[in-house]
Amino acid sequence: QMYVMTQGGPAKTTLTPAYLSYTAAFNQNQWGQGAAMAFLLFVLIFVLTREGILALTGEMGQERLRSRVELLRDLIRHPDGERWRAPAASLAEVLIGPLQQASALDNLRQLYVVPHGILNYLPFSLLPSNESGDRLLVEDFTLAYLPTAAALLENRLPRQAGQTLLAVAPAR
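What counts and how
Residues numbered from 1 in each chain as written. Predicted model: local features only at pLDDT ≥ 70, side-chain atom pairs only at ≥ 80, totals over all residues. Heavy atoms only, no water. Axes fitted to C-alpha atoms, helices over the stretch in contact; angles between N-to-C directions. Helix = DSSP H or I, 4+ residues; strand = E, 2+ residues; numbered from the N terminus. Left-handed = near helix turned anticlockwise from the far one by under 90°. Contact = heavy atoms within 4.5 Å. Nonpolar A, V, L, I, M, F, W, Y, C, P; charged D, E, K, R; others polar. Core = buried A, V, L, I, M, F, W, Y, C linked by side-chain atoms within 4.5 Å. Buried < 20%, exposed > 50% of the residue type's maximum accessible area, 1.4 Å probe, protein only. Phe/Tyr/Trp six-rings, centres within 6.5 Å; stacked < 30°, edge-to-face > 60°. Lys NZ or Arg CZ within 6 Å of the ring centre and 35° of its normal. Patch = residues over 30% accessible without salt bridge, like charges linked within 9 Å, V, L, I, M, F, W, Y side chains within 5 Å. Areas by Shrake-Rupley, 256 points an atom, 1.4 Å probe, with all protein chains shown as cover. Salt bridge = Lys/Arg side-chain N within 4 Å of Asp/Glu carboxyl O. 1 Å grid on protein atoms, 1.4 Å probe; cavity = no way out; pocket = protein on both sides within 12 Å on 5 of 7 lines; lining within 4 Å. Points joined across faces, edges and corners; volume = space filled by probe spheres on them.

Moving on to the packing of helix H4 (residues 62-76) against helix H5 (residues 85-95). Direction vectors running N to C along H4 and H5 enclose 145°, while the axes themselves pass 9 Å from each other. By crossing handedness, the relation of H4 to H5 is classed as left-handed. Each of Leu 65, Arg 68, Val 69, Leu 71, Leu 72 and Leu 75 in H4 lies in contact with H5, whose residues at this interface are Pro 87, Ala 88, Ser 90 and Leu 91. Of the residues that constitute the contact of H4 with H5, the class distribution is eight nonpolar, one polar and one charged.

Formed by 29 residues in total, the largest nonpolar core has its most connected members in Leu 91, Leu 95, Ile 96, Leu 99, Leu 122, Phe 124 and Leu 127. Secondary structure elements with two or more residues in this core: strand S1 (43-49), H4, H5 and strand S3 (110-113). Of the residues forming this core, the biggest block, five residues, is contributed by H5. Those residues within four positions of Leu 91 in sequence are excluded, and the remaining contacts are Met 60, Leu 65, Arg 68, Val 69, Leu 72, Ile 96, Leu 122 and Leu 127.

A separate point is the packing of aromatic side chains. Two aromatic rings, taken as a pair, are described by how far apart their centres are and by the angle between their planes. Inspection of the entire model under this criterion finds one aromatic pair. Across the ring face of Phe 141, the terminal group of Arg 109 is positioned such that the distance to the ring centre comes to 5.9 Å.

There is a patch of nonpolar side chains on the surface, built from Phe 46, Leu 48 and Ile 53 and spanning about 370 Å² of accessible area. Assignment of secondary structure puts Ile 53 in strand S2 (residues 52-58).

A few words on the layout of surface pockets. Gaps left between atoms are located by rolling a probe of water-molecule size over the structure's atoms. Counted as a void, the second largest pocket has a volume near 230 Å³. Lining of the second largest pocket is provided by 13 residues; of these, Ala 92, Glu 93, Gly 97, Gln 100 and Glu 131 occupy positions nearest its centre. When contributions to the lining of the second largest pocket are tallied by element, the ones reaching two or more residues are H5 and helix H6 (97-101). Looking at the lining of the second largest pocket residue by residue, the class counts come to four nonpolar, seven polar and two charged.

This part is about unusual backbone geometry. Although it is not a glycine, Ser 103 sits at a positive phi angle of roughly 55°. Relative to the elements of secondary structure, Ser 103 occurs in the loop between H6 and S3. Overall, the relative accessible area of 40% leaves Ser 103 in the partly exposed class.

Below you can see the structure in the form of structure tokens.
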């Protein structure tokens, strides 16, 4: 999608790792390089606070991430056991662990989750919030899912007197 709009410009800054992996394998016949690039994709984690922004990485390839999310979703459909806890813990280690190690979650009560790709299907509320796994993320934080980080921007224009709102809903 990005390539259609920018053709990779300016100076190839809008080319994504997934696109580069694809072109290396299929357009340049460098199958090994393309496979290595796809295997080494990692998770980028951004923390936005009043103090600034923090970027962290979680090391898990795209296919491994996909398989763990799908496994977790499959296991939670069967409430007859605790087998879902192991894949949930491995996902938390990659997605939540770097935040905890950087003390980015200290003194927070609310988390805004802006998932991308397969992470849209991950029930973040079931991830353990501590290493022992006895508490879930939902027990320590209020979670809010957003479709885009732009939703965090607040309209800071001063309100003008006389503004009105008309809300209409269909009758039952």
